[in-house]
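Fold and geometry: a report
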Amino acid sequence: MSNTRLLTCINCPLGCQLSVTYDDTQILSITGNQCARGKSYAADELYHPTRTVTCVVPVTGRAKPLPVKTTAPVPKDKIFDCLSAIRCVEVSPPIQLGETILANVCNTGIDVIATSPLE
Amino acid sequence: MQKIDLLIIGGGPAGLAAAISAKKAGVENLLILERDAILGGILQQCIHNGFGLQIFSEELTGPEYAARYIAEAKEMEIPYLCNTMVIDITSKKHVTAVSKEQGVLFFEAKAIMLAMGCRERSRGALAIPGARPSGIYSAGTAQRFINLEGFLPGREVVILGSGDIGLIMARRMTYEGCKVKACVEIMPYSSGLTRNIVQCLDDYDIPLLLNHTVIDIKGKERLERVTIAEVDENRKPKPETATEIACDTLLLSVGLIPENELSLLAGISLSPVTGGPVVTGQLETTVPGIFAAGNVLHVHDLVDFVSAEAEAAGANAAAYIKGGADFSGKQVPVLDGTSVLGCVPQFLSYAQEMPPVQIMFRPTGVFEKKRICVWFDEVPVLASRIHRVLAPGEMAAIELPSALFADHPAPAFVKISLEEASFHV
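Read on for an overview of the structure. Keep in mind the model is a prediction, meaning the values are calculated, not measured.

Turning our eyes to something else, we now look at the overall build of chain A. Across its full length, chain A carries two helices and nine strands. In chain A, the succession of helices and strands from N to C terminus is β-β-β-α-β-β-β-β-α-β-β. Against the compact-globule benchmark of 14 Å for 119 residues, chain A has a radius of gyration of 19 Å, which places it well outside the compact range. Considered along the principal axes of its C-alpha atoms, chain A spans approximately 55 × 30 × 20 Å. Taken over 119 residues, chain A has a buried fraction of 40%. The contacts of chain A with a sequence gap of at least 6 include a subset with a gap of at least 24, amounting to 41%.

Applying the stated criterion to the full structure yields 14 aromatic pairs over all chains. Geometrically, the ring pair formed by Tyr22(A) and Tyr47(A) is edge-to-face, given 6.3 Å between the ring centres and 85° between the ring planes. Remark: Tyr47(A) occurs in helix α1 (residues 37-47) and Tyr22(A) occurs in strand β2 (residues 17-22); sequence separation between them is 25 residues. Since its relative accessible area comes to 29%, Tyr47(A) is described here as partly exposed. Taking 5.7 Å as the distance between ring centres and 50° as the angle between the ring planes, the aromatic pair formed by Trp375(B) and Phe423(B) counts as tilted. Remark: Phe423(B) occurs in the segment after β27 (414-420) and Trp375(B) occurs in strand β24 (residues 367-376); sequence separation between them is 48 residues. Among the residues examined, Trp375(B) registers a relative accessible area of 11% and is labelled buried. Site record: aromatic cluster; members linked through ring pairs are Phe80(A), Tyr175(B) and Tyr204(B). Across from the ring centre of Phe56(B), 4.9 Å away, lies the NZ or CZ of Arg68(B), which sits over that ring. The residue whose ring lies beneath Lys415(B) is Trp375(B), and the NZ or CZ to ring-centre distance is 5.0 Å.

All names here are of chain B. At a closest axis distance of 9 Å, the pairing of helix α4 (residues 139-149) and helix α5 (residues 164-175) adopts a crossing angle of 35°. Helix-helix and strand crossings are classified by hand; for α4 and α5 the assignment is left-handed. For the pair formed by α4 and α5, the contact residues are Ala139, Gly140, Ala142, Gln143, Ile146 and Asn147 on the first element and Ile165, Gly166, Ile168, Met169, Arg172 and Met173 on the second. Of the residues that constitute the contact of α4 with α5, the class distribution is seven nonpolar, four polar and one charged.

Right, let's get into the nonpolar core. Core analysis: the largest hydrophobic core is formed by 63 residues, its most contacted members being Leu6(B), Ile89(B), Phe107(B), Met113(B) and Leu114(B). With residues near it in sequence (within four places) discarded, Leu114(B) still touches Ile9(B), Ile89(B), Ser263(B), Ile268(B), Pro277(B), Thr285(B), Ile290(B), Phe291(B), Ala292(B), Ala293(B) and Val296(B). Within the second largest apolar cluster, 41 residues are counted, among which are Cys82(A), Val112(A), Leu167(B) and Cys178(B).

With respect to the element layout, His48(B) can be found in the loop between β2 (30-33) and β3 (49-51). If near-sequence neighbours (up to four positions away) are discounted, His48(B) is found in contact with Thr54(A), Leu60(B), Thr61(B), Gly62(B), Gln143(B), Ile168(B) and Arg171(B).

A separate point is the sheet that holds strand β14 (residues 212-218) of chain B. Residues and elements named next belong to chain B. Pairing is antiparallel in the open sheet, where three strands are placed in the order β14-β15-β16. Lying at the two open borders of the sheet, with one neighbouring strand each, are β14 and β16 (243-246). For this sheet, the mean inter-axis angle between neighbouring strands, taken without regard to orientation, is 30°. As defined by bridge partners, β14 adjoins strand β15 (residues 225-230) across six bridges and the pair is classed as antiparallel. Residue pairing for β15: Thr213 is matched across the bridge by Ala229.

Glancing now at the interface of chain B and chain A. Counting from both sides, the interface comprises 30 residues of chain B and, opposite them, 28 residues of chain A. Summed over both sides, the interface between chain B and chain A buries roughly 2,500 Å², with carbon and sulfur atoms accounting for 58% of that surface. Where chain B packs against chain A, one counts four salt bridges. One salt bridge in this structure joins Arg51(A) and Asp203(B), with 2.6 Å as the shortest N-O distance. For the pair chain B and chain A, the number of links is four residue pairs in polar contact (both at pLDDT 80 or more). Elements that contribute at least two residues to the side of chain B that touches chain A include exactly α2 (62-75), α4, α5, α6 (194-201), β24 and β25 (379-390) of chain B. Grouping the constituent residues of the side of chain B that touches chain A by class yields ten nonpolar, nine polar and eleven charged.

Okay, the pattern of salt bridges next. Oppositely charged side chains are able to pair whenever their charged atoms sit close together. Residue and element names in this part refer to chain B. In the structure shown here, the tally under the stated rule is 26 salt bridges over all chains. With a shortest N-O distance of 3.2 Å, Glu259 and Arg35 are connected by a salt bridge. In this pair, Glu259 sits in the loop between β18 (256-258) and α7 (261-265) while Arg35 sits in the loop between β2 and β3, placing the two residues 224 residues apart along the sequence. For Glu259, a relative accessible area of 13% puts it in the buried group. Take Arg35: its relative accessible area is 47%, and that puts it in the partly exposed class. For Glu156, the salt bridge goes to Lys181, with nearest N and O atoms at 3.3 Å.

Thresholds, definitions, all that
- Residues numbered from 1 in each chain as written.
- Chains lettered and ligands numbered in written order.
- Predicted model: local features only at pLDDT ≥ 70, side-chain atom pairs only at ≥ 80, totals over all residues.
- Heavy atoms only, no water.
- Helix = DSSP H or I, 4+ residues; strand = E, 2+ residues; numbered from the N terminus.
- Rg over C-alpha atoms; globule rule 2.2 N^0.38 Å.
- Buried < 20%, exposed > 50% of the residue type's maximum accessible area, 1.4 Å probe, protein only.
- Contact = heavy atoms within 4.5 Å.
- Phe/Tyr/Trp six-rings, centres within 6.5 Å; stacked < 30°, edge-to-face > 60°.
- Lys NZ or Arg CZ within 6 Å of the ring centre and 35° of its normal.
- Axes fitted to C-alpha atoms, helices over the stretch in contact; angles between N-to-C directions.
- Left-handed = near helix turned anticlockwise from the far one by under 90°.
- Nonpolar A, V, L, I, M, F, W, Y, C, P; charged D, E, K, R; others polar.
- Core = buried A, V, L, I, M, F, W, Y, C linked by side-chain atoms within 4.5 Å.
- Pairing = 2+ DSSP bridges.
- Buried area = accessible area lost by both parts, 1.4 Å probe.
- Salt bridge = Lys/Arg side-chain N within 4 Å of Asp/Glu carboxyl O.
- Polar contact = N/O pair within 3.5 Å; in protein donor to acceptor, adjacent residues only side chain to side chain.

Structure below.
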């Protein structure tokens, strides 16, 4: 059973509009891409889309929160679960830049780290 | 009255890179004045990633990018004062600053680096009619509230303007549990990066309403709803298309303006096209010894280019301070040609022996398969490779190599234009 979807490729400023026909395991046809990267972008987006998550966590006794990020992109369908998990963390100074504040978020194998030092 | 060789106004990415570059070139008596509580400028509130791809070949968040330069500045023992705001500069390079701790400070500088960045266009500047309830913020103000001050500005959001700040805030507020109902854009295209349209709007099914604008605002004490309408080809609203969207928050992402009040006080000439100082190839303004770099000069899309520009400006300021740097050559204007807007620098101090000069500009629309061309008077002297796409949202650049100046006598003007792929010199 095949599906067709429209995607916008984000690899370069052209932003080619891709029309992709695919089934459960592979892309059957693709039009609209002006280079080969479009096809690999489409494959990633269709079968295992991921996104890096950036947000902030509260800091005990401070108004200014701590900015954090996932060290690698997490599965797109887990973004909001990850945000909920991250929101449960409260940190206290001192924190080093790059320090892990939540390991293996939502069992993705990916850590959440501080993107700013906290003195 | 303190005597400083190089006074840097602004401790964001431009100020930091310029200071580091000037110190490396031998300037010891320098000082950064920063009005906020910490260094890093606007990067500190840009907690999303995408910074540093060009300079570090890494994808960093704003604070991480700032941390690199702050660490280097501290390691080099570059002096800086935070919570210190410059309130006056004169054409004689006398600077007045104020701080809660130290009161009023007076400086006499040999050279000044303008690195004040830019501010956001406001509702008043757009003259959006309607009531004036609370709940209306510029997108950057909302970003500061959420990311630096721990406040959520609202919960049901409409965003006016689809530039990158508006797109980033659409995702940011969605992440904080808000409902972003629409992103409203007056033009037929977004000026934001395609990557942001996909990852900030499409990912969360937030509609992008092109060719629309906000024509009324309703609410007594708090915003209750906005009226939007489609616009015609002259960007005028069509009243018959008006609809209302219930919301408690309206974020405005409608343009950035270089912050040049101080530059005007110093008698520096500004360009009406960029909103920033008119500068030479050395990034020196019309007041000798005052240089400019970063968003105060012209609004950039990538902080990597801000850092590169500021590094060059810092080295030029150092050469000026040490003396013997002759920037006085014949001033040749750089003009905006076909499809080009906002060339910086606006003048080249022409000499037969010149280092390469980079000219930055914005295309006036979205163009495919064009060459960037350099003209000396009405004669084309250089045509770039074919660029697959050029768009207003992505500042472009062309480098003029030294040979170009050695091989040609000084023209009356230099012009930059976009030409067809088939164009040849």
